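# Chain and residue survey
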Amino acid sequence: AAELEAAVLEEPWRMAVVGRLDKDSRGLLLMTQDGVIAKKVIGTQSVWKRYVVLVDRVPSQAQVSRLNGQMSLDGVELRRMSVTASSENPSSLEFRLREGRKHQIRRCCNKVGLEVIDLFRVEIGPWTVGGLAEGEWRLLSPQEVELL
């Protein structure tokens, strides 16, 4: 593992980011040189991603219901998202989705009258940000790679 970590640090440009985050978002990113993993994560719509989203006010049940309903952006119907109100923070929502159109969460929130203050991706498929601090990284174990 130490050799692999040294190789990543020596030539990080050889790694490809799997799934993007816009400049105003933060959270889990996967980086790989394995095209099979990259294709499974971004080339299909079977891998769920989970986000914790802080909005500018406490969302109403009607707003949450609309976010869970059929939505479209730019005339294209989106795959249904799973959106739940947070039990920890009344101004937070948890989004689970399988596709990621440009600014999808921000634009959908805006459509129902909510403004996103903070967007944090906490999970991609079987992998979670766990206890990593912002800016930290770690290698996946072979067992974690096999989870997908």
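We now turn to the structure provided with this report. (Residues numbered from 1 in each chain as written. Predicted model: local features only at pLDDT ≥ 70, side-chain atom pairs only at ≥ 80, totals over all residues. Heavy atoms only, no water.)

This part covers the overall build of the protein. Each helix and strand counted, the protein has 5 helices and 10 strands in total. Each principal axis of the C-alpha distribution contributes one length, and for the protein these read about 50 × 30 × 25 Å. Partitioning the contacts of the protein with sequence separation of at least 6, the portion at a separation of at least 24 is 64%. Accessible area of the protein: about 9200 Å², with a carbon and sulfur share of 51%. Each charge class in the protein can be summarised by its mean position, and for the 21 positive and 20 negative side chains these summaries are 10 Å apart. (Helix = DSSP H or I, 4+ residues; strand = E, 2+ residues; numbered from the N terminus. Contact = heavy atoms within 4.5 Å. Areas by Shrake-Rupley, 256 points an atom, 1.4 Å probe, with all protein chains shown as cover. Lys, Arg positive; Asp, Glu negative; His and termini not counted. Charge placed at Lys NZ, Arg CZ, Asp CG, Glu CD.)

Before going further, it helps to spend a moment on the nonpolar core. Formed by 20 residues in total, the largest nonpolar core has its most connected members in V53, L67, L93, F95 and I105. When contributions to this core are tallied by element, the ones reaching two or more residues are β4 (49-55), α3 (61-68), β8 (92-97), α4 (104-111) and β9 (116-124). For F95, the contacting residues outside a window of four places in its chain are K49, R50, Y51, V53, L67, M81, S82, V83, I105 and C109. In this structure, L28, L30, V122 and V129 belong to the second largest nonpolar core, which totals 12 residues. (Core = buried A, V, L, I, M, F, W, Y, C linked by side-chain atoms within 4.5 Å. Buried < 20%, exposed > 50% of the residue type's maximum accessible area, 1.4 Å probe, protein only.)

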